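If you want the building blocks of each chain, they are given just below.
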Amino acid sequence: MADPVILITGASRGIGAATARLAAERGYAVCVNYLRSQSAADALVSEITRAGRRAIAVQADVAIEADVVRLFETVDRELGPLRALVNNAGILEQQTRVDRIDAARIGRVFATNVTGAFVCAREAVRRMSTARGGAGGAIVNVSSRAAQLGAPGEYVDYAASKAALDALTIGLAREVAGEGIRVNGVRGGIIYTDIHASGGEPGRVDRLGPALPMRRGGDAIEVARAILWLLSDEASYSTGTFIDVSGGR
Ligand code: NAP
């Protein structure tokens, strides 16, 4: 049987890249989506193909519907029928308070973190649903503990977008549970990636890590392992649920 095909959005760096590497190790053919980091995405694809698995890199902005449609069509054409989607692409902006956030910023954060995930999920369901002739599949949405903690003083807009993503996870899971598709979420805690630099504090994990119950920040691979477990048949009776990967926070 052909390798199962997985699409991971925002896989050029961080949690997405760790998930792509692990998915390849577990036998998936991998689509590495990225926004701007073409050389990092190409390097990751070379690494995966050298290890003997199929992989492609596809530039697409998940906030743009036509890009998402093209992304999924490219996967259909170049890798084959989709079995797994990881809605991982996500952004946050400069740390600030709600009384300094404008509507344009909220729009940007929601366009990527919420609308992007919705449209990707739509395209995945259209392909995977047994009610539409598909073979079933699994979706994991990469959320954050911020959805429940609110990220006060940092990025409440980002936290709200992740709460919306969690609602998508629950609602869609129930909508397609009878159509062979499982939908789950992983809520990351404070993980070593570049995302903190985009909030204006590259050292955020080192600052906050020691105060966590586990006394350290997390690594991207620790999030990736939870994602791959939820995608696997080991999680065959789990849908609409979440794993917190947050060191006890
Ligand atoms: P990161 O290191 O900043 O990487 C973000 C990835 O998303 C990059 O591959 C980037 O592509 C891609 N991306 C951004 N906007 C995109 C768009 N519009 N379309 C397509 N791709 C886009 O972030 P990360 O920390 O790995 O975060 C991954 C996910 O985990 C996010 O959803 C984030 O909210 C979530 N999360 C992270 C943490 C944490 O502490 N790191 C905690 C909880 C949840 P380019 O490289 O091309 O720019």
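None of these values were measured; they are calculated from a predicted model. (Residues numbered from 1 in each chain as written. Predicted model: local features only at pLDDT ≥ 70, side-chain atom pairs only at ≥ 80, totals over all residues. Heavy atoms only, no water.)

Some words on the packing of helix α4 (residues 103-128) against helix α6 (residues 156-176)
How we decide: Fitted lines through C-alpha atoms serve as axes, helices being fitted only where they are in contact, and the angles separating the N-to-C directions of these axes extend from 0 to 180 degrees. The helix and strand labels rest on DSSP assignments: H or I over at least four residues marks a helix, E over at least two residues marks a strand, and numbering proceeds from the N terminus. Roughly parallel covers angles under 35 degrees, roughly antiparallel covers those over 145, roughly perpendicular covers 65 to 115, and oblique covers all other angles. In this scheme the crossing of two helices becomes right-handed for a clockwise turn of the near helix relative to the far one and left-handed for an anticlockwise turn of less than a right angle. Any two residues whose heavy atoms approach within 4.5 Å at even a single point are treated as in contact. Residues are sorted three ways: Asp, Glu, Lys and Arg are charged, Ala, Val, Leu, Ile, Met, Phe, Trp, Tyr, Cys and Pro are nonpolar, and all the rest, Gly among them, are polar.
The N-to-C vectors of α4 and α6 enclose an angle of 15 degrees; their axes lie 9 Å apart at closest approach. What the angle tells us is that α4 and α6 run roughly parallel. Handedness of the α4/α6 crossing: right-handed. Contact with α4, carried on its side by R105, I106, V109, F110, N113, V114, A117, F118, A121 and V125, involves D157, Y158, A160, S161, K162, A164, L165, L168, L172 and V176 of α6 and no other residues of that element. Tallied by class, residues from the contact of α4 with α6 come to 15 nonpolar, two polar and three charged.

Concerning the nonpolar core
How we decide: By convention a nonpolar core is built from buried Ala, Val, Leu, Ile, Met, Phe, Trp, Tyr and Cys residues, the set being connected through side-chain atoms within 4.5 Å. Accessible area is worked out with a 1.4 Å probe on protein chains only. A residue is then buried under 20% of its type maximum, exposed over 50%, and partly exposed in between.
Ranked by size, the top nonpolar core spans 36 residues in total, and within it I6, V30, I227 and L231 carry the most contacts. Where this core is concerned, the elements lending two or more residues are β1 (5-8), α1 (14-25), β2 (29-34), α2 (38-50), β4 (82-87), β5 (137-144) and α9 (220-231). Counting residues per element, this core draws most heavily on α9, at eight residues. Once residues lying within four places of it in the same chain are set aside, the contact partners of L231 are I6, Y28, A84, L85, V86, A138, I139, V140 and R182. If you look at the next biggest cluster of nonpolar residues, it comprises 31 residues, including A60, L71, V119 and I139.

Overview of the site of the ligand
Note the threshold: We call a residue near a molecule or strand as soon as one heavy atom of that residue lies within 4 Å of the molecule or strand. Residues adjacent in sequence count toward polar contacts only when both atoms are side-chain atoms; beyond that, a polar contact is any pair of N or O atoms within 3.5 Å, and within protein one must be able to donate a hydrogen and the other to accept it. The Shrake-Rupley method, run with a 1.4 Å probe sphere, supplies the accessible areas, and residue values consider only the shown protein chains as cover. Only protein atoms enter the 1 Å grid used here, on which a cavity is any set of points holding a 1.4 Å probe that cannot leave and a pocket is any open set flanked by protein within 12 Å on both sides along at least five of seven lines; residues with an atom within 4 Å of a point are listed as lining. A molecule is said to be in a cavity or pocket once over half of its atoms fall within 2 Å of that pocket's grid points.
Within the structure, the ligand sits among 32 residues, and S12, R36, S37, Y158 and T193 are positioned closest to it. With respect to the ligand, the side chain of S37 contributes an N or O atom lying 2.6 Å from an oxygen atom. Separating a nitrogen atom of the ligand from a side-chain N or O atom of T112 is a distance of 3.4 Å. Coverage of the ligand by the protein amounts to 97% of the 910 Å² it exposes when considered alone. Structurally, the ligand is housed in the largest pocket. Sorting the residues of the shell around the ligand by element identifies α1, β2, β5, α6 and α7 (195-198) as the ones contributing at least two each. The biggest single contributor to the shell around the ligand is β5, with three residues.

Observations concerning the pairing of β5
Quick note on the threshold: For two strands to count as paired, DSSP must find a minimum of two bridges between them. Handedness rule for crossovers: strands pointing away from the viewer, path from the first strand over the helix to the second running clockwise, crossover right-handed.
Of all eight residues in β5, eight are buried, a share of seventy percent or more. The side-chain alternation of β5 yields two buried faces, one formed by G137, I139, N141 and S143 and the other by A138, V140, V142 and S144. Where β4 lies against β5, four bridges are found, and the strand directions are parallel. Across the sheet, residue V86 finds its bridge partner in β5, namely V140. After leaving β4, the chain enters α4 and then returns to the sheet as β5, a path that is right-handed. Here eight bridges tie β5 to strand β6 (residues 181-188), and the two strands are oriented parallel to one another. Along β6, the bridge assignment pairs A138 with R182.

Here we look at the sheet that holds β5
Taken in spatial order, the seven strands make up an open sheet running β3-β2-β1-β4-β5-β6-β7, and their pairing is parallel. Here the strands that pair on one side only, and so sit at the sheet edges, are β3 (55-59) and β7 (242-245). The sheet shows a mean angle of 15 degrees between the axes of neighbouring strands, direction not considered. Sitting on the sheet, α2 touches β2 and β3, and the angle it makes with β3 is about 170 degrees. Where α6 meets the sheet, it contacts β5, β6 and β7, and its direction lies at approximately 160 degrees from that of β5.

As for the layout of surface pockets
To be explicit about the condition: Grid points are joined across faces, edges and corners, and a volume is the space filled by probe spheres set on the points.
The calculated volume of the largest pocket comes to roughly 1000 Å³. Considering the residues around the largest pocket, the lining is formed by 46 residues, among which N88, A89, G90, I91 and I195 are closest to the centre. When residues of the lining of the largest pocket are traced back to their parent elements, those giving at least two are α1, β2, α4, β5, α5 (146-149), α6 and α7. The residue inventory of the lining of the largest pocket, partitioned by class, reads 21 nonpolar, 16 polar and nine charged. Taken together, 17 residues make up the lining of the second largest pocket; nearest its centre are P4, Y28, R83, L231 and D233. Mapped onto the lining of the second largest pocket, the elements with two or more residues apiece are β4, β5 and α9. For the lining of the second largest pocket, a count of residues per class yields nine nonpolar, four polar and four charged.

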